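# What the coordinates show
Letter by letter, the chains look like this.
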Amino acid sequence: MPDPTSIPLAQYREYPVDEMQRRAAAFYAEMNRRRTVRDFADRPVPRDVIENCLRAANTAPSGANKQPWHFVVVSDPAVKRQIREAAEAEEREFYARRATAEWLDDLAALGTGWQKPFLETAPYLIAIFAQSTSRGPDGKKHKNYYVSESVGLATGLLIAAVHHAGLVSLTHTPSPMHFLSTILGRPDNERPFLLLVVGYPAADARVPDIQRKPLDAIATFV
Ligand code: IYR
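Residues numbered from 1 in each chain as written. Predicted model: local features only at pLDDT ≥ 70, side-chain atom pairs only at ≥ 80, totals over all residues. Heavy atoms only, no water.

## Considerations on the overall build of the chain
Along its length, the chain carries eight helices and six strands. Counting from the amino terminus, helix and strand elements in the chain follow one another as α-α-β-α-α-α-β-β-β-α-β-α-β-α. For the C-alpha atoms alone, the extent of the chain along its principal axes is close to 65 × 50 × 40 Å. Here the chain holds 222 residues, and 35% of them are scored as buried. Taking the intrachain contacts of the chain between residues at least 6 apart in sequence as the baseline, contacts between residues at least 24 apart amount to 80%. Looking at the chain as shown, the accessible area adds up to about 14500 Å², and 54% of this sits on carbon and sulfur atoms. In the chain, 27 positive and 26 negative side-chain charges are present, and the distance between their average locations comes to 3 Å. (Helix = DSSP H or I, 4+ residues; strand = E, 2+ residues; numbered from the N terminus. Buried < 20%, exposed > 50% of the residue type's maximum accessible area, 1.4 Å probe, protein only. Contact = heavy atoms within 4.5 Å. Areas by Shrake-Rupley, 256 points an atom, 1.4 Å probe, with all protein chains shown as cover. Lys, Arg positive; Asp, Glu negative; His and termini not counted. Charge placed at Lys NZ, Arg CZ, Asp CG, Glu CD.)

## Considerations on the site of the ligand
The ligand sits among Glu91, Phe94, Tyr95, Trp103, Leu107, Leu110, Thr112, Gly113, Lys116, His172 and Thr173. The contact in question runs from a nitrogen atom of the ligand to an N or O atom on the backbone of Thr173, over 3.2 Å. Within the complex, 72% of the 380 Å² of free accessible area of the ligand lies under protein. Spatially, the ligand is embedded in the largest pocket. (Near = heavy atom within 4 Å. Polar contact = N/O pair within 3.5 Å; in protein donor to acceptor, adjacent residues only side chain to side chain. 1 Å grid on protein atoms, 1.4 Å probe; cavity = no way out; pocket = protein on both sides within 12 Å on 5 of 7 lines; lining within 4 Å. Sits in = over half its atoms within 2 Å of the grid points.)

## Description of helix H6 (residues 147–164)
Over its 18 residues, H6 extends 26 Å from the first C-alpha to the last, a length consistent with the 26 Å expected when each residue adds 1.5 Å. In this structure, the buried side of H6 is in contact with helix H1 (17–32), helix H2 (47–57), strand E1 (69–74), strand E2 (124–131), strand E5 (168–172) and strand E6 (190–199). Just past H6, the residue Gly166 takes up positive phi, approximately 95°. (Expected span 1.5 Å × (residues − 1).)

## A few points about the environment of Val37
Structurally, Val37 can be placed in the loop between H1 and H2. Among the residues examined, Val37 registers a relative accessible area of 5% and is labelled buried. Separated by 162 residues in the primary sequence, Val37 and Gly199 place their C-alpha atoms 9.6 Å from one another.

## Topic: unusual backbone geometry
With an omega of -5°, the peptide bond between Ser175 and Pro176 qualifies as cis. Mapped onto the elements, Pro176 comes out in the loop between E5 and helix H7 (179–184). A positive phi angle is found at Gln67, which is not glycine, with a value near 45°. Along the chain, Gln67 turns up in the loop between H2 and E1. In this model, Tyr146 sits at a positive phi of 45°, which is unusual for a non-glycine residue. You can call Tyr146 exposed: its relative accessible area is 60%.

Right, here's the structure in full:
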């Protein structure tokens, strides 16, 4: 007897092996063109593109299917300015005092600094929140599981969706970033996870000359 709460796997598609091989290679080639970008254009992006990228993010697997994430999409210039000011205040401290010499050395290749003009230039800042607890349809508070893993997975899909749509993103993690909860008025069952900056790259955008590790350095087949 099939489990009455289950449904047939109707959407799965199997491809012939050669097509599978082509698809895997093509997807890698597409993803390998993705770069984290820090120079954004101020060109507008249609809101429905962002909405569909968020729907794609929301397909991520999550602990006990609790979907413990919330995305706040900021396009209001006044809110972007507030976020920039708060982030730069933290980053000034980070670069001047909080970061260790080793950390600053590791960041040197990226050319980052305390100034974050992209927080005002880019059309969208997506603040991603992780929910340690959520309220169910019955209004009762319940615990979420593997929250960081789940929200990390959703964030990865969001980054891939943004890239697939032809936009660029920057994963920005001002530290600490509790100011995001305050500015965006989020409840205390949520903690800020990451700020994803999204838009078109500036016409003269440049990226660091850094490499991805080769397969044999990141994977072991046994
Ligand atoms: N949050 C700082 C510093 C920073 C830290 C890491 I780890 C990076 O990969 C990049 C930057 C900043 O955003 O500048």
